[in-house]
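Notes for the structure review
What follows is each chain in one-letter form.
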Amino acid sequence: WSNSISVKGNLVIKILVALGANEPKKAMVKIICDQNLTHNELLPKINHVLPNLTIFKDYVLEIAPYFTKQLHPVTLDKVNWLLRCFEQMEETDQIKSVEYILNHLSTSIVGRYPELVNWLKTNYHNSSKQSKLSSQARQKLRIWIGAVNYQDFSNLVDLIAQRIGITDKEENQLNKRQGFWANYSNSFMRIKILLPMQSYEIINHDLRADQDVQRLRSDGSDETEICIFDLGENGFIVEFFRGRGSETRIFPQNDYIESVLFGSQPLSV
């Protein structure tokens, strides 16, 4: 009867069938994922028909395992669904779910969806909740943040090589730096990109909207793109990509330098 045309799409019927499954919590998660609903969005749709059963709260801990092991393919819509679920969880459930994602989700998926890492960075990096994660999960979070930040840097190098008129020597130099910094990607807590006006107009629309990208204030220096790496307690690295001032500068970590490099004040070379 539940598969008959008249009730096949009925959400309440789907849930009644799920409650009779061998693993009802997992069946519940599949339903809310397929329907693109969170826990809070589901309840108003069913509470006029079904009683407030304990399983309607307990199943949320199956969301992270389902996303990690059973959801194929992973898409941006599903990543956003997961993040909405995280946002609406009680803190203890959220921490358990984040711990599971950090320890079990494939790094290849993480690389394709920086939105997930950015959410984790905003909510768990330098947060009291981070201390409630295991050391293994905290280390994985640092690796993920570094990997996404390095990917942003690497993509910037590729865009400059492909779209900006640079010399073969400058392109070779950039490619060497790209390879060199790949060895330290785990250390990149955040990056900031500074572009001269011409580069900004050519490649800014190819960069992610959530990246920290600013125009360089002109001061008569050679045209160059700049990337600032935040290495946490190890300080800051500033890469000047090209021109006569092409170099790498290292700054210690202190509040004043951080406020200059990562503040909103426009910077020049």
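Heads up: the structure comes first, above all this text.
Now for a look at the structure at hand.

This part covers the pattern of salt bridges. On inspection of all chains with the given rule, the structure shows eleven salt bridges. The salt bridge partner of Lys-132 is Glu-91, with a shortest N-O separation of 3.0 Å. On the criterion of sequence distance, the pair formed by Lys-132 in the loop between helix H9 (114-124) and helix H10 (135-163) and Glu-91 in helix H7 (residues 91-104) is long-range, its members being 41 residues apart. On the accessibility criterion, Glu-91 (40% relative accessible area) is partly exposed. Arg-242 serves as the salt-bridge partner of Glu-225, at 2.7 Å between the closest nitrogen and oxygen.

Attention shifts here to the side chain of Gln-94. Checked against the element boundaries, Gln-94 lands in helix H7. With a relative accessible area of 6%, Gln-94 lands in the buried category. Beyond its immediate chain neighbours, meaning those up to four positions away, Gln-94 contacts Phe-86, Glu-87, Met-89, Trp-119, Tyr-124 and Lys-129.

Next up on the list: helix H13 (residues 255-262). Within H13, the full set of buried residues consists of Ile-257, Leu-261 and Phe-262. Take H13 and look down its axis: the buried residues cluster within an arc of 100°, on one side only. In H13, the exposed residues that point more than 90 degrees away from the buried face are Asp-255 and Tyr-256. On its buried face, H13 is in contact with strand S1 (190-195), strand S3 (226-230), strand S4 (236-240) and strand S5 (248-251). Between the side-chain oxygen at the start of H13 and the backbone nitrogen of Tyr-256 there is a gap of 3.1 Å, and the oxygen is on Asn-254.

As a further point, take the nonpolar core. In this structure, Ile-15, Leu-42, Ile-63, Phe-67 and Trp-81 are the most contacted members of the largest nonpolar core, which totals 51 residues. Ignoring any residue separated from it by four or fewer positions in sequence, one finds Ile-63 in contact with Val-29, Ile-32, Trp-81, Leu-82, Cys-85 and Met-89. If you look at the next biggest cluster of nonpolar residues, it comprises 23 residues, including Trp-181, Ile-193, Leu-231 and Ile-237.

Time to look at the pairing of S3. For S3, the tally of buried residues reaches five of five residues, placing the bulk of the element in the interior. Residues Ile-226, Ile-228 and Asp-230 of S3 are buried on one face, and the alternating residues Cys-227 and Phe-229, pointing to the opposite face, are buried as well. In this sheet, S3 lies alongside S1 in antiparallel orientation, the contact comprising five bridges. Bridge pairing in S3 places Ile-191 opposite Phe-229. Relative to S4, S3 runs antiparallel, the two sharing five bridges. Bridged to Cys-227 within S4 is Glu-239.

Attention now moves to the sheet that holds S1. Here we have five strands laid out as an open sheet, ordered S2-S1-S3-S4-S5, and mixed in their pairing. Unpaired on one side and paired on the other, strand S2 (213-215) and S5 mark the two borders of the sheet. Here the strands of the sheet are splayed against their neighbours by 20° on average, with no regard to which way each runs.

A few words on the environment of Phe-153. If you trace the backbone, Phe-153 turns up in helix H10. With a relative accessible area of 1%, Phe-153 lands in the buried category. Sequence spacing of Phe-153 and Phe-188 is 35 residues, and the spatial spacing of their C-alpha atoms is 10 Å.

As a further point, take the packing of H7 against H10. Remark: H7 packs on H10, axes separated minimally by 9 Å, with the N-to-C direction vectors making an angle of 65°. Here H7 and H10 pass one another in a crossing that is left-handed. Two secondary-structure elements touch here, H7 through Glu-99, Ile-101, Leu-102 and Asn-103 and H10 through Gln-136, Ala-137, Lys-140, Leu-141 and Trp-144. Among the residues forming the contact of H7 with H10, the class breakdown is five nonpolar, two polar and two charged.

What counts, and at which threshold
Residues numbered from 1 in each chain as written. Predicted model: local features only at pLDDT ≥ 70, side-chain atom pairs only at ≥ 80, totals over all residues. Heavy atoms only, no water. Salt bridge = Lys/Arg side-chain N within 4 Å of Asp/Glu carboxyl O. Helix = DSSP H or I, 4+ residues; strand = E, 2+ residues; numbered from the N terminus. Buried < 20%, exposed > 50% of the residue type's maximum accessible area, 1.4 Å probe, protein only. Contact = heavy atoms within 4.5 Å. Arc of directions from axis to C-beta. Polar contact = N/O pair within 3.5 Å; in protein donor to acceptor, adjacent residues only side chain to side chain. Core = buried A, V, L, I, M, F, W, Y, C linked by side-chain atoms within 4.5 Å. Pairing = 2+ DSSP bridges. Axes fitted to C-alpha atoms, helices over the stretch in contact; angles between N-to-C directions. Left-handed = near helix turned anticlockwise from the far one by under 90°. Nonpolar A, V, L, I, M, F, W, Y, C, P; charged D, E, K, R; others polar.

None of this, on its own, says anything about what the molecule does.
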